[in-house]
Amino acid sequence: MYEPKAEHKFTFGLWTVGNPGRDPFGEPTRSKLAPAYIVKKLSELGAWGVNLHDNDLVPIDASAGERDRIVSEFKEALSDHGMVVPMATTNLFSDPSFKDGAFTSADARVRAYALQKTMNAIDLGVELGAKTYVFWGGREGSEVDASNNPLEGIKWFRECLNFLCEYVKDQGYDLKFALEPKPNEPRADIYLPTVGSALGFIATLDHSEMVGLNPEFAHETMAGLSFVHGVAQALDAGKLFHIDLNDQKMSRFDQDLRFGAENQKAAFFVVKLLEESAYGGPRHFDAHALRTEDEAGVWEFAKGCMRTYLILKEKVEVFNNDPEIKAALEAYKLSDAEIENLSKSYSSASAQSLKNRSFDREALGRRGPGLERLDQLTVEVLLGVR
Ligand code: GCO
Ligand code: MN
Ligand code: MN
């Protein structure tokens, strides 16, 4: 029961289970885990793959020879354990050169270096088999808007993404980009803070068809928004290219909690959306064990993310097959074929008939849609009594 298998497409970043527990107030509480060891452990737990930033694997100052040796050893670990790398990304936030942004830095040399670093990291990702390339603009933002005009920042961001789309096409890579919005941390205000803002921005790119979203549970929650709604909007736009699953208390610092640890109802509806949609991509956990934990706690954390996902997936079945829930949903969605025929698509005749029609406004306002009952039934499914 609830045993993760490759078909579930569970992935973790090297940086997630590899997180040593450093925070702004304290030093690491765990020792570093080698990438090959992470691959082995995650495969034993039933994960399908790992994702990485360039520098999770190859140190920023590695020579070309060192890089090739590290990459070939890592490839061997992947093939020994039957693991894949479906997504890769660039670390454009740790090095001090990126302290005021990478693609949005006001220093043209930093923007050019960020492009160079990203092209190299894309080459690495593609070499490892990645099909999705994530852009999390952690440093792309500001504390003081006096110094960095947000309009220019967005323009530079666009220029860089347009450049990189052309690079991918020029190389003949089979790679899509996924933007990962976040409202704040590490910057006070990060550009493209939410799913909605990223969708608006994507429409302005030269190759918008290559670019979609990597929404994260914690990030929308930090902004006080509904992650379920964000994911739905990305799906509706055909832009859900990847997903970062974790958990978060609203209005806190970035917690990166184990998936389902905090907001079980929202986690349930996310799983429901994913499982019922055409999204066939990875279920990626971008979270880490609590800083209190030792290595054993790290693997408990990883197991917990996958197990909770599978439990919620089962609860989706329970929800969908529950006769009372079915009836409540049917009663909630009141349809009327005749009137929908008039309102679904425009014609001057249907506009005229709608204008002529009289509606019993008071009766419409009197109807109780039954949401209290429907929600209680949902809670009972989650509490395991249905
Ligand atoms: C965060 C982000 C990152 C990104 C990662 C991949 O809040 O730090 O979620 O973990 O997902 O850099 O792009
Ligand atoms: Mn995050
Ligand atoms: Mn993330």
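Because the structure is a prediction, the values reported are computed rather than measured.

Caption draft 1: Quick look at the site of ligand 1. As a structural note, the neighbourhood of ligand 1 is formed by 13 residues, with His53, Glu180, Lys182, Glu216 and Asp286 the closest of them. Within the side chain of glutamate 180, one N or O atom sits 2.7 Å away from an oxygen atom of ligand 1. Protein burial of ligand 1: of its 330 Å² of free accessible surface, 92% is covered by the chains. The residue inventory of the shell around ligand 1, partitioned by class, reads four nonpolar, three polar and six charged.

Caption draft 2: The coordination of the manganese ion (ligand 2), seen in detail. Looking at the manganese ion (ligand 2), the protein donor atoms are Glu216 (OE) and His219 (NE2), and they sit 2.1 to 2.2 Å from it. Separating the manganese ion (ligand 2) from the manganese ion (ligand 3) is a gap of 3.6 Å, bridged by glutamate 216, which donates to each. Residue class for glutamate 216 comes out buried when judged on its relative accessible area of 1%.

Caption draft 3: Representation of the packing of helix H10 (residues 264-276) against helix H16 (residues 371-382) in the model. At a minimum axis distance of 11 Å, the contact between H10 and H16 shows a crossing angle of 90°. Judged on the interaxial angle alone, H16 and H10 are roughly perpendicular. Across the interface between the two elements, Gln264, Lys265, Phe268 and Phe269 of H10 pack against Asp375, Thr378, Val379 and Leu382 of H16.

Caption draft 4: Structural detail: the nonpolar core. Core analysis: the biggest nonpolar cluster contains 92 residues, and Phe12, Leu42, Phe74, Phe177 and Phe259 have the highest contact counts within it. Counting residues per element, this core draws most heavily on helix H11 (residues 295-321), at eleven residues. Counting only domains with at least three residues in this core, you end up with domain 1 (6-320) and domain 2 (322-383). Residues within four places of phenylalanine 74 in sequence aside, it is in contact with Leu14, Pro35, Val39, Val50, Leu52, Leu57, Val85 and Leu128.

Caption draft 5: How the structure looks around the domain arrangement of the protein. Each domain of the protein was delimited in the assignment, giving domain 1 (6-320) and domain 2 (322-383). Averaged C-alpha coordinates put domain 1 and domain 2 at centres separated by 39 Å. Counting from both sides, the interface comprises nine residues of domain 1 and, opposite them, nine residues of domain 2. Where domain 1 abuts domain 2, roughly 780 Å² becomes buried across the two surfaces, and 70% of that area is made up of carbon and sulfur atoms. Among the residues of domain 1 in contact with domain 2, Lys265, Lys315 and Phe319 are the three that bury the most area, contributing 62% of the side total. At the junction of domain 1 and domain 2, the tally comes to one salt bridge. One can count four residue pairs in polar contact (both at pLDDT 80 or more) joining domain 1 with domain 2. Every element with two or more residues in the side of domain 1 that touches domain 2 is listed here: H10 and H11. By residue number, the principal contributor to the side of domain 1 that touches domain 2 is H11, which donates five residues.

Caption draft 6: Spotlight on the coordination of the manganese ion (ligand 3). Here the manganese ion (ligand 3) is held by Glu180 (OE), Glu216 (OE), Asp244 (OD) and Asp286 (OD), and the distances to it run 1.9 to 2.2 Å. Taken together, the six donor atoms coordinating the manganese ion (ligand 3) span angles of 83 to 176° at the metal, a pattern that classifies the geometry as octahedral. Summarised as a motif, the one-chain spacing of the donors to the manganese ion (ligand 3) is E-x35-E-x27-D-x41-D.

Calculation rules
Residues numbered from 1 in each chain as written. Chains lettered and ligands numbered in written order. Predicted model: local features only at pLDDT ≥ 70, side-chain atom pairs only at ≥ 80, totals over all residues. Heavy atoms only, no water. Near = heavy atom within 4 Å. Polar contact = N/O pair within 3.5 Å; in protein donor to acceptor, adjacent residues only side chain to side chain. Areas by Shrake-Rupley, 256 points an atom, 1.4 Å probe, with all protein chains shown as cover. Nonpolar A, V, L, I, M, F, W, Y, C, P; charged D, E, K, R; others polar. Donors = N, O, S within 2.8 Å, 3.2 Å for Na, K, Ca; no water. Buried < 20%, exposed > 50% of the residue type's maximum accessible area, 1.4 Å probe, protein only. Axes fitted to C-alpha atoms, helices over the stretch in contact; angles between N-to-C directions. Helix = DSSP H or I, 4+ residues; strand = E, 2+ residues; numbered from the N terminus. Parallel < 35°, antiparallel > 145°, perpendicular 65-115°, else oblique. Contact = heavy atoms within 4.5 Å. Core = buried A, V, L, I, M, F, W, Y, C linked by side-chain atoms within 4.5 Å. Domains from an automatic or database assignment. Buried area = accessible area lost by both parts, 1.4 Å probe. Salt bridge = Lys/Arg side-chain N within 4 Å of Asp/Glu carboxyl O. Tetrahedral: all angles 85-135°; square planar, octahedral: opposite > 155°, others 65-115°.

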